[in-house]
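As a plain string of letters, each chain reads:
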Amino acid sequence: MFRQTKKRIAARRNFDSYSESISDSFQPGKDNFTRINLKDGNLDSEKKLYDIIYPNKLSFYEYPPRGEITLEQFETWAIARLKILLEIESGISRNKNLNEIETLIKSHFNKFLPLTNDNYINKKKDYYSHYILRLCFCRTKELREKFVRAETFLFKIRYQMLNSSDQIKFVQSLNLPLLQYISDQEKNKYSKELYQTISSQLQFQLNLTDEQQRYNYFQNEKFIKLPFENVIEMVGNRSVFLKEGYAYLPQFQQLNLIASEFANKLQDQLIKTFQYLPRLNEDDRLVPILSHLSSGYTISDFNQNSNQYNNNEDDDITAESVWSERINKHYPLCIRNLFKGLKEHHHLRYYGRQQLSLFLKGIGLSADESMKFWTKAFTDGGHMSLEKFNKEYRYNFRHNYGLEGNRINYKPWDCRTILSKPRPGRGDYHGCPFRDWSSDKLTVELAKLGLTKSQISSVLDSCENGEYIVANTKVFEYTHNLADSELEKEGLTLMDHPNLYFEKSRQLEKKQQKTTG
């Protein structure tokens, strides 16, 4: 016990030295940054710190956070940010543009991560959650690329949510040589050429159809002067004014340039973080949390609000009814496959039993009804004696309900948990069909669900790209005749849980019945 305590203390010291070494690498405002003492827990000191490292409503996260937070804050703050990033990944995977993704996740900001508030607590949460996820996603090239892509999209969305004066204030605070505004005198000197260059863009990109509107917008617009090679793509499509080797970029088009700078800096910092990571691995408090987060783990709304999906209000979830077409038409493909295997063989191997047992528990099958279900499924037709079932399997199913062993209330598996389990072998029925089935088999099964050839092709494309949860979401949309916007009205963008799929399917059916009734 003494060795463990000593090791834990040493790990904390290593982590402190890591923060100090990172801090030393940043020069702007270094004296002010290091002078503030947070060890006394003074709130005023903490507020001063965040006024220095986070002076605007947006940040490049150049300085590492300082001070102490609880382990609970460490995990919950990271999960809140991860939820936002997963929604962004979902939008990118489904070929949504920046404005569509912004509309998609705006409703999640106030719930998970209030980002535009000047409250320093929100700044602290935003700052820490970004750095915690850096620790999670710095470990491999693939994780780094995903994190940079999602964080850059988040940065763009937040930038667009700022008003014009806040945008200017933020850009000026970056102290980047490429992002310097021209003077009013220089703008007046080339006003005719500048207006002719951006007039058509104002019409088609900002929907300013009236000539007077466009000119008034131009009058208030700021321009950035930078070497033309930094915006070579915009030079190619003639969307910037060129003069003596310099391009004049309007403020409303500067976002891509700033976001590129943000992404490059973040990529470099992730590599540095990875180099310091071995010191952190000695801390046995944080490693399990980081491992869960880096594998895409998130406490889903299903797990947080299990009562919402586990009420069985109509008492229609019984050992008999779960086999009926009335109930099983709402099952996702993975659960349909488990029922098929159980019906054919009167048996499922361990992972299949766990996946199906916890799913049925999640939809409201009681412990008593569960025992009836599994007893009949395994012993029906003389395939197994009741004595053998009670001896070898009964404990397992009761354990899932917290009636044996440590009395743990196990949660149904979400899609990420299912994907983390071993792939099914011959005779196995667990797992994710979108990952584990061949394209031919998946095509046949999707056709049975009524999907068209183009819809099947869209699902297969997502599977080939490794976007299995997106593929599952598409199947839900197609089988329920929903558009993306209708799914978003339900507060959903990803069907990342079999029980969520089941309950939302039933809710939609009840809505339709009320409408027709």
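Residues numbered from 1 in each chain as written. Predicted model: local features only at pLDDT ≥ 70, side-chain atom pairs only at ≥ 80, totals over all residues. Heavy atoms only, no water.

An unreviewed UniProt entry lists the protein chain under the name DNA primase large subunit, with Arxiozyma heterogenica as the source organism. Its UniProt record gives the protein chain a comment under Sequence similarities (unreviewed entry), which states: "Belongs to the eukaryotic-type primase large subunit family." (UniProt positions renumbered as here; feature names shortened; annotations may be inferred.)

1. Digging into the packing of aromatic side chains
Aromatic ring pairs are described here by two measures, namely the spacing of the ring centres and the angle between the planes. Scanning all chains against the criterion turns up 33 aromatic pairs. Pairing Phe137 with Phe147 gives two aromatic rings, centres 5.6 Å apart and planes at 5°, and the pair type is stacked. Here Phe147 lies in helix H7 (residues 141-161) and Phe137 lies in helix H6 (residues 120-137), a separation of 10 residues in the sequence. Residues Tyr350 and Tyr351 carry aromatic rings whose centres are separated by 5.4 Å and whose planes lie at 70° to one another, so their mutual orientation is edge-to-face. By relative accessible area, which is 44% here, Tyr350 ends up partly exposed. By the ring-pair criterion, three or more aromatic residues cluster together here, those being Trp323, Tyr331, Phe339, Phe359, Phe373, Trp374, Phe378, Phe389, Tyr393, Phe397 and Phe502. One residue, Arg134, lies across the ring of Tyr131, its end atom 4.2 Å from the ring centre. (Phe/Tyr/Trp six-rings, centres within 6.5 Å; stacked < 30°, edge-to-face > 60°. Helix = DSSP H or I, 4+ residues; strand = E, 2+ residues; numbered from the N terminus. Buried < 20%, exposed > 50% of the residue type's maximum accessible area, 1.4 Å probe, protein only. Lys NZ or Arg CZ within 6 Å of the ring centre and 35° of its normal.)

2. Here's the deal with a nonpolar patch on the surface
Judged by side-chain polarity, Phe228, Ile232 and Leu242 come together as a nonpolar surface patch covering roughly 250 Å² of accessible area. By secondary structure assignment, the location of Phe228 is in the loop between strand S1 (223-227) and helix H12 (232-236). Of the residues examined, Phe228 reaches a relative accessible area of 33% and is grouped as partly exposed. (Patch = residues over 30% accessible without salt bridge, like charges linked within 9 Å, V, L, I, M, F, W, Y side chains within 5 Å. Areas by Shrake-Rupley, 256 points an atom, 1.4 Å probe, with all protein chains shown as cover. Salt bridge = Lys/Arg side-chain N within 4 Å of Asp/Glu carboxyl O.)

3. Notes on the pairing of strand S3 (residues 246-250)
Burial runs high along S3: four of the five residues are buried. Pairing of S1 with S3, which is carried by five bridges, proceeds in the antiparallel orientation. Each bridged residue has a counterpart across the sheet, and for Lys225 the counterpart in S3 is Tyr248. Here strand S2 (residues 241-243) pairs with S3 via three bridges, running antiparallel. Bridged to Phe241 within S3 is Tyr248. Hairpin remark: S2 followed by S3, antiparallel, with two residues in the connecting loop; positive phi at Glu244, about 55°. (Pairing = 2+ DSSP bridges.)

4. Some details on the pattern of salt bridges
Going through the model one piece at a time under the given rule, you end up with 18 salt bridges. For the salt bridge of Asp496 with Arg416, the shortest nitrogen-to-oxygen distance reads 3.2 Å. With Asp496 in the loop between helix H27 (484-489) and helix H28 (498-516) and Arg416 in helix H22 (residues 415-420), this pair connects stretches of sequence that are 80 residues apart. Residue Glu445 is joined to Lys448 by a salt bridge in which the shortest nitrogen-to-oxygen separation is 3.5 Å. One end of the pair is Glu445 and the other is Lys448, both in helix H24 (residues 439-448) and three residues apart, which spans about a single turn. According to the relative accessible area criterion, Lys448 is exposed, its value standing at 61%. When salt bridges that share partners are traced, they join Arg81, Asp126, Glu151 and Arg158 into one network.

5. As for the UniProt feature "binding site: [4Fe-4S] cluster" (unreviewed entry) in the protein chain
The residues that UniProt annotates with the feature "binding site: [4Fe-4S] cluster" (unreviewed entry) are Cys334, Cys415 and Cys432. Taken along the chain, the residues just named run across 99 residues; in space they keep tight, none of their C-alpha pairs more than 9.8 Å apart. Inspection of the secondary structure puts Cys415 in helix H22. In contact with Cys415, not counting residues within four places along its chain, are Ile469, Asn472, Met495, Asp496, His497 and Pro498. Turning to its location among the elements, Cys432 is positioned in the loop between H22 and helix H23 (433-436). Once residues lying within four places of it in the same chain are set aside, the contact partners of Cys432 are Ile418, Leu419 and Tyr468. (Contact = heavy atoms within 4.5 Å.)

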